[in-house]
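One-letter residues, chain by chain:
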Amino acid sequence: MSQYNFISSGFPQQRPRRLRKDDFSRRLIRENNLTVDDLIYPCFVLEGHNQRQSVASMPGVERLSIDLLLKEAELVHSLGIPVMALFPVTPSEKKSLDAAEAFNPDGLAQQAVRALKREFPGLGVMTDVALDPFTTHGQDGLIDDQGYIINDETVAVLIKQALSHAQAGADVVAPSDMMDGRIGAVRNALEMQGFIHTRIMAYSAKYASSFYGPFRDAVGSAGNLAGGNKFSYQMDPANTDEALHEVALDIQEGADMVMVKPGMPYLDVLYRVKQTFGKPTFVYQVSGEYAMLKAAILNGWLTEEVITESLLAFKRAGADGILTYFAKDVAEKLKSSV
């Protein structure tokens, strides 16, 4: 090949590797960066005092009683993580068909919110608005005689649950139930009760995924679900246009932030949501994703660098923030690299 042909093809005038040679130039041209401000740390809360339980399917993750949760929050806050997301573990004797424990003002989630806001007022607290931890059947809503999850009656309970969280001091309520119309109903109720600053992070594109298994173990709903599924309200993994429709509805109804869940298998959905709406968009690196990566790391099949790489993938796809059980590990690594 002639010298002219080399020049016309861009080489050697263009050598993309020049900018990849040194750390300083790689940093200068980096398109996406992961910071501690991108992280939300999910926590499982237990009843009792000085209680700590490991989650077998999620190595390194524990259920904590509120007193130990406060110690965890102290570390989380010191690392600069902006938000903790709470998921209560409800004892079987407090579960019921009507999920009344969900809106108990002295319930576990409500107590945890009050304790966290009292001790760490600058730490954001997000709560899960859904009924699966509180129902005897493990579904996210109330059921009829045929076992079908009924929509409007469930939304009425979700309103009570969200209001009880706001009254306890939650900064963000996050409906994860996927009932139709629940964002508008919760928004209207919050406004009417004077909670005009309570933010809503809507689980807008939540798929009926097989990646949730370890989470259901952690909150104790797997046994109640007993092989059942959530196909009639969570989204079909085959669909992406439907996700945009769901997100559009939630934004129209008053969501401040929207979420795609799970994360890595749905990067295309995350990208489309952010490109289409430009709304603050979040992603949940769910329990199954965590379990896979953690198991591979513990077995020496992957190195810990895969954690940062996985989170950068979310940023690259358009995520403004990430719920991840790796939040503390990543925050500590980011802090040590400064």
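Use the structure listed above.
Every value quoted in this text rests on a predicted model; they were computed, and no experiment measured them. (Residues numbered from 1 in each chain as written. Predicted model: local features only at pLDDT ≥ 70, side-chain atom pairs only at ≥ 80, totals over all residues. Heavy atoms only, no water.)

Asks: When you look at the overall build of the chain in this model, what are you seeing that I'm missing?
Replies: From N to C terminus, the chain includes 13 helices and 10 strands. In summary, the chain has a C-alpha radius of gyration of 22 Å against a globular reference of 20 Å for 338 residues, a match within 12%. Along the first, second and third principal axes, the C-alpha atoms of the chain reach 80 × 45 × 40 Å. Considering the chain as a whole, with its 338 residues, one finds that 52% of them fall into the buried category. For the chain, the proportion of contacts with a sequence separation of at least 24, taken over those separated by at least 6, is 74%. Surface accessibility of the chain: about 15,800 Å² in total, with carbon and sulfur atoms responsible for 52%. Considering the chain, the positive charge centre built from 33 side chains and the negative charge centre built from 42 side chains are found 10 Å apart. (Helix = DSSP H or I, 4+ residues; strand = E, 2+ residues; numbered from the N terminus. Rg over C-alpha atoms; globule rule 2.2 N^0.38 Å. Buried < 20%, exposed > 50% of the residue type's maximum accessible area, 1.4 Å probe, protein only. Contact = heavy atoms within 4.5 Å. Areas by Shrake-Rupley, 256 points an atom, 1.4 Å probe, with all protein chains shown as cover. Lys, Arg positive; Asp, Glu negative; His and termini not counted. Charge placed at Lys NZ, Arg CZ, Asp CG, Glu CD.)

Asks: I tried to follow the pattern of salt bridges on my own but got confused; where do I start?
Replies: Note that side chains of opposite charge can pair when their charged atoms are close. Per the counting criterion, the structure on display carries 16 salt bridges. Between Glu72 and Lys328 there is a salt bridge; the shortest N-O distance is 2.7 Å. With Glu72 in helix H3 (residues 66-78) and Lys328 in helix H13 (residues 327-337), this pair connects stretches of sequence that are 256 residues apart. For the pair shown, Glu72 and Lys328 are each scored as buried. (Salt bridge = Lys/Arg side-chain N within 4 Å of Asp/Glu carboxyl O.)

Asks: Would you explain H3 in this entry?
Replies: Owing to its 3.6 residues per turn, the α-helix brings residues three or four apart onto one side. Between its first and last C-alpha atoms H3 spans 18 Å; for 13 residues at 1.5 Å apiece the expected length is 18 Å, and the two agree. In this structure, the buried residues of H3 make contact with strand S1 (39-46), strand S2 (52-54), strand S3 (62-65), strand S4 (83-88), helix H4 (108-119) and H13. Of the residues one or two after H3, Gly80 is the one with positive phi, at around 85 degrees. (Expected span 1.5 Å × (residues − 1).)

Asks: I would appreciate a short explanation of the packing of aromatic side chains in the present structure.
Replies: Geometry of an aromatic ring pair is reported as the spacing of the ring centres plus the angle between the planes. For the structure on display, the rule yields 10 aromatic pairs. Between Tyr203 and Tyr284, the ring centres sit 6.5 Å apart and the planes meet at 55 degrees, which makes this aromatic pair tilted. Pair noted here: Tyr203 is in strand S7 (residues 199-206) and Tyr284 is in strand S9 (residues 281-285), with a separation of 81 residues, a long-range link. Its relative accessible area of 1% is what places Tyr284 among the buried residues. Each ring, one from Tyr207 and one from Tyr266, has its centre 4.2 Å from the other, and the planes form 20 degrees; the classification is stacked. Of this pair, Tyr207 sits in the loop between S7 and helix H7 (213-219) while Tyr266 is found in the loop between strand S8 (257-261) and helix H10 (267-277), placing the two residues 59 residues apart along the sequence. (Phe/Tyr/Trp six-rings, centres within 6.5 Å; stacked < 30°, edge-to-face > 60°.)

Asks: So what exactly am I meant to see when it comes to the packing of helix H9 (residues 241-253) against H10 here?
Replies: Relative placement of two packed helices is described by the angle separating their axes and the distance separating the axes. Where H9 contacts H10, the axes come no closer than 10 Å and their chain directions differ by 45 degrees. By the angle between their axes, H9 is oblique relative to H10. For the pair H9 and H10, the sense of crossing is right-handed. Residues Asp241, Ala243, Leu244, Val247, Ala248 and Ile251 of H9 form the contact with H10, whose own contacting residues are Val269, Arg272, Val273, Thr276 and Phe277. (Axes fitted to C-alpha atoms, helices over the stretch in contact; angles between N-to-C directions. Parallel < 35°, antiparallel > 145°, perpendicular 65-115°, else oblique. Left-handed = near helix turned anticlockwise from the far one by under 90°.)

Asks: Looking at this structure, how should I read the environment of Trp301?
Replies: With respect to the secondary-structure elements, Trp301 resides in the loop between helix H11 (287-298) and helix H12 (305-317). Relative accessible area serves as the criterion here: at 64%, Trp301 is assigned to the exposed category.

Asks: Got a minute to help me understand a negative patch on the surface in this structure?
Replies: Side chains of Glu304, Glu305, Asp329 and Glu332 sit close together on the surface and give a patch of like negative charge. Residue classification places Asp329 among the partly exposed residues on the basis of a relative accessible area of 38%. (Patch = residues over 30% accessible without salt bridge, like charges linked within 9 Å, V, L, I, M, F, W, Y side chains within 5 Å.)

Asks: Mind showing me how you'd approach the pairing of S1 here?
Replies: Note on strand geometry: in a regular strand, side chains alternate between the two faces of the sheet. Judged by how many residues are buried, S1 sits mostly within the fold: eight of eight residues are covered. The alternating pattern of S1 places Leu39, Tyr41, Cys43 and Val45 on one face and Ile40, Pro42, Phe44 and Leu46 on the opposite face, and all of these are buried. Note that S1 and strand S10 (residues 321-324) share two bridges and pair parallel. Pairing of Ile40 across the sheet is with Leu323, part of S10. Across six bridges, S1 lies against S4 in parallel orientation. In the strand pairing of S4, Cys43 is matched with Leu86. In this structure, S1 lies alongside S3, joined through three bridges in parallel fashion. Each residue of the ladder has a partner; that of Phe44, found in S3, is Arg63. (Pairing = 2+ DSSP bridges.)

Asks: Can you walk me through unusual backbone geometry in this structure?
Replies: Where the residue is not glycine, phi is negative for most of them; where a peptide bond is considered, it is trans in most cases. Cis geometry marks the peptide bond from Phe11 to Pro12; its omega dihedral reads 15 degrees. Relative to the elements of secondary structure, Pro12 occurs in the loop between helix H1 (3-8) and helix H2 (23-28). Each neighbour pair has its own omega, and for Lys261 with Pro262 the value is -5 degrees, a cis peptide bond. Checked against the element boundaries, Pro262 lands in the loop between S8 and H10. Phi is positive for Asn50, which is not a glycine, with a value near 55 degrees. By the secondary structure assignment, Asn50 is in the loop between S1 and S2. Here Asn50 falls in the exposed class, since its relative accessible area comes to 53%.

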